[in-house]
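Results of the structural survey
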Amino acid sequence: MGIAERFIKNPHMSREEYAELLGMEGDASVRELLQTEALHLRERYFGKKVYIRGLIEFTNYCKNDCYYCGIRCGNRNAKRYRLTAEEILECCETGHRLGFRTFVLQGGEDPFFTQERMTDLIGQIKKRYPDCALTLSVGEKSFEEYQAYKDAGADRFLLRHETADESHYRLLHPEKMSLSHRMECLCNLKKIGFQTGAGFMVGSPGQTLETLAEDLLFLDRLKPEMVGIGPFIPHHDTRFADQPAGSVSRTLYLLSVIRILLPSVLLPATTALGTLDPFGREKGLAAGANVVMPNLSPLSHRKEYDLYDNKICTGDEAAECVKCLGRRIHKAGFELVYERGDAPEI
Ligand code: SAM
Ligand code: FES
């Protein structure tokens, strides 16, 4: 039996086996086998459903200096903004009217949004939209602060681990940040009872099959309810400006692998994937993804949440994005649904 068949039979493998599996990406028959299995599993847990989340990029201030990121604090050219509570609530209102039942508040690690301001905001959103799930993606905080977010009503939390390999992590982040703290945060989020999302960029500088194998081992250990992966895309104001972008085909291969590793996981077809390939999101769904996250941020600030170059949909009204996505998803043979789309209880 080949490595792919063995993986399908029992996806809990060693580092060496994962690296071998990842090394088979060039083999069309392996790609097809994994994709077929991934689609079969996705169908079993979710049918043809694709969940939609409304992304609100509420601040691009950040105290961190992740070397790959366009809004890192060291980028003096970034034009900074933060939305007021009223503006954030207006985004939710627009989203709710369009049928969204999950809002994702994402931002840099902005010290302005203290625990008190965050819990206040979470409370207001949950009070106004009790039928909606609220996802946060605001970086590394203490156990107590995460607990306070949960107590205020937040349901889910996205915190990509970025890489599970120590030396790779060091290449991407300044001394002040640490992989062990990021991982501790993820464990705390799980302990507190958040539906938790980990993830990483595909093709980030220094990534190898071995570091990716570490990522799979980590996902297998953590068992997150959500996994966000998308290709790395260089940003012109970073030290990685001249590095190549991650590959679309490797991202698709990994989406299938992750669907098989964690069959009931919520797995977005990301904007970064759609940025590198005009049909990237459709291809992502066909590889095993089951979530899309269009932008609800005000048009006046869209371009300023500038993580990487040439990001798509920065000029489209949310209503337009939803219509366009609905059409594309239907055409790809899936069905856009407006439920909360919680992680299934297994
Ligand atoms: N501050 C929060 C955090 O650290 O989790 C959330 C915001 S952060 C900008 C969201 C994600 O964007 C990161 O986890 C990273 O994987 C992704 N990202 C940043 N720069 C990127 C780039 N150049 N290409 C692709 N994705 C990128
Ligand atoms: Fe903080 Fe990118 S460095 S959001």
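Refer to the preceding data block for the structure.
Residues numbered from 1 in each chain as written. Chains lettered and ligands numbered in written order. Predicted model: local features only at pLDDT ≥ 70, side-chain atom pairs only at ≥ 80, totals over all residues. Heavy atoms only, no water.

Quick look at the pattern of salt bridges
Selection rule: Each reported salt bridge corresponds to a side-chain nitrogen of Lys or Arg within 4 Å of a carboxyl oxygen of Asp or Glu.
Applying the stated rule across the entire model yields 25 salt bridges. In this structure, E43 and K48 form a salt bridge, with 2.6 Å as the shortest nitrogen-oxygen distance. Linked by salt bridges that have partners in common, K126, D155, R156, R340 and D342 make up one network.

A few points about the packing of aromatic side chains
Using the following cut-off: Whether two aromatic rings pair depends on their centres lying within 6.5 Å, for rings of Phe, Tyr and Trp, where Trp uses its six-membered ring; planes under 30 degrees apart make the pair stacked, over 60 edge-to-face, and the rest tilted. A 1.4 Å probe rolled over the protein chains alone gives each residue an accessible area, and that area as a share of the maximum for its type sets the label: buried under 20%, exposed over 50%, partly exposed in between. Think of it this way: any DSSP run of H or I at least four residues long counts as a helix, any run of E at least two long counts as a strand, and we number them from the N terminus. Should the NZ of a Lys or the CZ of an Arg lie within 6 Å of a ring centre and within 35 degrees of the ring normal, that charge is described as sitting over the ring.
Per the stated rule, a full pass over the model turns up nine aromatic pairs. Note on F46 and Y51: the rings are 6.0 Å apart at their centroids and 85° apart in plane angle, and the pair reads as edge-to-face. Grouping residues by exposure puts F46 and Y51 together as buried. Note on F103 and Y129: the rings are 5.8 Å apart at their centroids and 75° apart in plane angle, and the pair reads as edge-to-face. Taken together, the residues F103 in strand β3 (residues 102-107) and Y129 in the loop between α5 (115-128) and β4 (133-137) connect sequence positions 26 residues apart. Taking relative accessible area as the criterion, Y129 reaches 4% and is therefore assigned buried. Sitting over the face of the ring of Y61, R82 holds its NZ or CZ atom 4.1 Å from the ring centroid. Of note, K150 hangs over the ring of F194, and the distance from its end group to the ring centre comes to 5.8 Å.

Considerations on the pairing of strand β7 (residues 226-231)
The side chains of a regular strand alternate between the sheet's two faces. Stated precisely, the cut-off is as follows: For two strands to count as paired, DSSP must find a minimum of two bridges between them. We call a crossover right-handed when, viewed with the strands running away from us, the connection from the first strand over the helix to the second turns clockwise.
Burial analysis of β7 places six of its six residues in the buried class, which makes it a mostly covered element. Sheet topology note: the strand β6 (residues 195-202)/β7 ladder contains six bridges and is parallel. Bridging from a neighbouring strand, M201 pairs with G230 of β7. Regarding topology, helix α9 (residues 209-222) serves as the crossover connection from β6 to the parallel β7, and that connection is right-handed.

Brief notes about the sheet that holds strand β8 (residues 291-292)
Pairing in this open sheet of three strands is parallel, and the strands run β8-β1-β9 from one edge to the other. The open sheet has two free edges, formed respectively by β8 and β9 (335-337), since each of these has just one partner strand. Examined bridge by bridge, strand β1 (residues 49-52) and β9 share three bridges and lie parallel to one another. Its bridge partner lying in β9, K49 is registered against E335.

Concerning helix α4 (residues 85-98)
To be explicit about the condition: For a helix, the expected span equals 1.5 Å multiplied by the residue count minus one. This arc corresponds to the set of directions leading from the helix axis out to the C-beta atoms. Any two residues whose heavy atoms approach within 4.5 Å at even a single point are treated as in contact.
If you check α4, its first and last C-alpha atoms are 20 Å apart, about what 14 residues at 1.5 Å a residue would give, namely 20 Å. By the burial criterion, the buried members of α4 are I88, L89, C91, C92, G95 and H96. One side of α4 holds all its buried residues, which, seen down the axis, span an arc of 150°. Exposed and oriented more than 90 degrees from the buried face of α4 are E86, E90 and R97. Looking at the buried positions of α4, the neighbouring elements they touch are β2 (54-59), β3 and α5. One or two residues past the end of α4 sits G99, with phi positive at roughly 105°.

Points about helix α14 (residues 318-331)
Spanning 14 residues, α14 covers 20 Å between terminal C-alpha atoms, matching the ideal 20 Å at 1.5 Å per step. Those residues of α14 not exposed but buried are A318, C321, V322, L325 and I329. Viewed end-on, α14 has its buried residues packed into an arc of 95°, placing them on one side of the element. Structural note: α14 exposes K323, R327, H330 and K331 on the side pointing more than 90 degrees away from its buried face. Those residues of α14 hidden inside the fold are in contact with β1, α4, α12 (280-287), β8, α13 (299-302) and β9. Following α14 by one or two positions, G333 has its phi on the positive side, about 95°.

A closer look at the nonpolar core
Inclusion rule: Think of a nonpolar core as a cluster: buried Ala, Val, Leu, Ile, Met, Phe, Trp, Tyr and Cys residues, connected wherever their side-chain atoms sit within 4.5 Å.
Membership of the largest hydrophobic core comes to 97 residues, with the highest contact counts inside it found for F103, I125, Y149 and I258. Ranked by residues supplied to this core, first place goes to helix α10 (residues 248-261) with nine residues. Sequence-distant contacts of Y149, defined by excluding residues within four places in its chain, comprise M118, T119, I122, L136, V138, K141, A154, F157 and F194. Among the nonpolar cores identified, the runner-up in size contains seven residues, and F46, Y51, L266 and V291 belong to it.

Quick word on the site of ligand 1
Inclusion rule: Here, proximity means that at least one heavy atom of the residue falls within 4 Å of the molecule or strand. For this analysis, a polar contact is any N or O atom pair within 3.5 Å, provided that within protein one partner can donate a hydrogen and the other can accept it, and provided that sequence-adjacent residues contribute only side-chain to side-chain pairs. Computed by Shrake-Rupley with a 1.4 Å probe, the accessible areas treat only the displayed protein chains as cover when residues are assessed. Classification used: nonpolar for Ala, Val, Leu, Ile, Met, Phe, Trp, Tyr, Cys and Pro, charged for Asp, Glu, Lys and Arg, polar for all others including Gly.
Close contacts around ligand 1 come from 18 residues, with G107, R160, E162, R182 and I233 the closest. Between ligand 1 and the protein, one listed contact pairs an oxygen atom with a side-chain N or O atom of R160 at 2.9 Å. A distance of 2.7 Å separates a nitrogen atom of ligand 1 from a polar backbone atom of I233. Across the complex, the protein chains shield 93% of the 560 Å² of accessible surface that ligand 1 would expose by itself. When the residues that make up the shell around ligand 1 are grouped by side-chain class, the tally is 10 nonpolar, five polar and three charged.

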